[in-house]
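Residues per chain, in single letters:
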Amino acid sequence: MTGPTSPSPYPLGLRLDGRRVVVVGGGAVATRRVPALLDAGADVLLVSPELTPALRAHVDAGRLHWEPRRFAPGDLDGAWLVQVAVDDRAAAAAVSAAAAERRIFCVRADDRTAASAWTPAVTRHGPVTVAVLGGGDPRRAMATRDAVRELLARKGPPLTPAVEEGPPLDTGGRVALVGSGPGDPELITVKGWRLLTEAEVVVADRLVPGLLLDELRPDVELVDASKIPYGPSRAQEEINRILVDRARAGKVVVRLKGGDPYVFGRGGEELLACAEAGVPVTVVPGVTSAIAVPEVAGVPVTHRGVAHEFTVVSGHLAPDSPASLVRWDALAGLRGTLVILMGLKNLAAIAATLIAHGKPADTPAAVIQEGTTAAQRMLRSTLGAVAADVEAAALRPPAIVVLGDVVHALPPATPA
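Parameters at a glance
- Residues numbered from 1 in each chain as written.
- Predicted model: local features only at pLDDT ≥ 70, side-chain atom pairs only at ≥ 80, totals over all residues.
- Heavy atoms only, no water.
- pLDDT = per-residue confidence, 0-100.
- Contact = heavy atoms within 4.5 Å.
- Core = buried A, V, L, I, M, F, W, Y, C linked by side-chain atoms within 4.5 Å.
- Buried < 20%, exposed > 50% of the residue type's maximum accessible area, 1.4 Å probe, protein only.
- Helix = DSSP H or I, 4+ residues; strand = E, 2+ residues; numbered from the N terminus.
- Pairing = 2+ DSSP bridges.
- Axes fitted to C-alpha atoms, helices over the stretch in contact; angles between N-to-C directions.
- Parallel < 35°, antiparallel > 145°, perpendicular 65-115°, else oblique.
- Left-handed = near helix turned anticlockwise from the far one by under 90°.

## Quick word on the confidence of the model for the chain
Part 1: Counting all residues, the mean pLDDT for the chain is 90, and 91% of those residues have values of 70 or more.
Part 2: A low-confidence stretch, residues 155–170 (pLDDT under 50), is modelled with 14 contacts involving residues beyond four sequence positions or located in other chains.

## Here we look at the nonpolar core
Part 1: One finds Trp-328, Leu-338, Ile-340, Leu-354, Val-367 and Leu-403 to be the most contacted residues of the largest nonpolar core, which totals 21 residues.
Part 2: At the level of secondary structure, the elements contributing two or more residues to this core comprise helix 10 (328–331), strand 14 (337–341), helix 11 (347–356), strand 15 (364–369), helix 12 (386–393) and strand 17 (399–403).
Part 3: Among the elements that take part in this core, helix 11 stands out by supplying 4 residues, more than any other.
Part 4: Apart from the residues lying within four places of it in its own chain, the contact partners of Leu-354 are Trp-328, Leu-331, Ala-332, Leu-338, Lys-359, Leu-383 and Leu-403.
Part 5: Formed by 19 residues, the second largest nonpolar core is a distinct cluster that contains Val-21, Leu-38, Leu-46 and Leu-51.

## What to know about the sheet that holds strand 14
Part 1: Taken in spatial order, the 5 strands make up an open sheet running 13-14-17-15-16, and their pairing is mixed. Here the strands that pair on one side only, and so sit at the sheet edges, are strand 13 (310–314) and strand 16 (377–382). Taking each pair of neighbouring strands and ignoring which way they run, the sheet shows an average axis angle of 20°.
Part 2: Where strand 15 lies against strand 16, 6 bridges are found, and the strand directions are antiparallel. By the bridge assignment, Pro-364 is partnered in strand 16 with Thr-382.
Part 3: Helix 9 (residues 289–296) rests against strand 13, strand 14, strand 15 and strand 17 of the sheet, and its axis sits at about 80° to strand 17.

## As for the packing of helix 7 (residues 236–248) against helix 8 (residues 267–276)
Part 1: The N-to-C vectors of helix 7 and helix 8 enclose an angle of 45°; their axes lie 9 Å apart at closest approach. Compared by their axis directions, helix 7 and helix 8 come out oblique. In this structure, the crossing between helix 7 and helix 8 has a hand that is right-handed. Here Gln-236, Ile-239, Asn-240, Leu-243 and Val-244 of helix 7 come into contact with helix 8, specifically with Glu-269, Glu-270, Ala-273 and Cys-274.

Have a look at this one:
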C-alpha cells in the first residue's frame, strides 16, 4: 500500500487490442475481470483446472482460449499482462515471480501489496472511461468512482436512496430483483445500477452484462447462477435458498437478471420464495430483450400501417411437447408481430407448426444473436427458410426470432 514513504502508482491506460493477457484462475474474481479484458480486445488465455459457467460460456463462444490445468511459467510467453485470480498465496506468488522474471506487469487478487500493477475502480459513460486508484484502499477508490459515475449519469435532481416499502427485517437484510437489460451494460436503469453499488451479495445470471460485474466492490460476494442452455445449471430452489439465507444474515442482496425479471426470468418465483420467508423485496424492471434487441437491430415490433400488435412467446419447449403452454395454432392466425425467445433449438419445429396451421411460408423473419452487444449478428429470412438459414450461418443462443412484416418496415440500423 502506498503511504508517506512509498511512491504513488503511475496511472496508465493499456491498449490491449490483439495483445495476449493471461488470467490465472477460473472462479468469481476471474468472472468479474475477464469481460473488461475482452471488451478491450485482449487475446485472453485463461489457465485453470475448472471454470465458472459464465467463463465457460466465453470459451464456448470462442472469445478466449482455455487451458484446463494449473499454471506453468511458459504460459506467460508473449504476454503483456497477467491477472492472478486465485486465493492460493503460494500459487499466486509463483505466477508473480514468473511475471517479474519476464518483466510482465502482474495484478494479484490475493495481495495487492505484492502486485506490480493494480486494477482501478472503473466506470464507463459512453466513450468516457474513469479509472480511480485509492492509494491502495479499494473502498476509497470505489466510493470516489461511484460519485463520479453518479455525476456523469445525473440528468436531474441529485439521486436519493429509494424508500423501501413494508417493514424491514430486524437484520436489515433485503433482496432486489434487478433487470440488467438486454446486454449493453449502459441499458441498466439508474435505480438498478444504484442498487448494485449498494449490494453486498450479487446473484447473477449468464446473460448479465459482464462489465457490470467488473464494477462491483471487491468485497461483494458474487454468486454465479449462470444457466447455460442445455448445460450445467443451478436449481431454482438453490437460487431461492441463497437469496433468503443471505438476506436473513443481514445482507443487501441483488438478484441480477438479464432483460427484465418477469419476462421468462422466474422473478415471480423468487419474489414468492422471499415473501414466504419474510424477506422484503424490491423489483426493478429491466429493458426486455424481446423489444430492445429487435429495436437496436432496426426491427420495430410495431409500426403504423404494418403491425398493431405483438406477441412474445417462449420457444424453449417444442410445439408438440406436452409441457408447452403455447397455442402455436392460434399464433399462426395473428396478423401482428411474433417475437420468440429461447427458440433457436426448436426453430425448425416451430416454423413447420406455424406453416401447418396457415401462416404463410414467405412471412418475413429476422434472427438477432447477442443483440445490443459488440458481438451482435443479424439474419433476415422467411418463415419457411429461417431454420436452415440459421444453421448455415451458425447462429447460436442467445438469439431473438422476429416474425412479421415489421422485419422490412425500416432500413437496416446503423451501429451506434
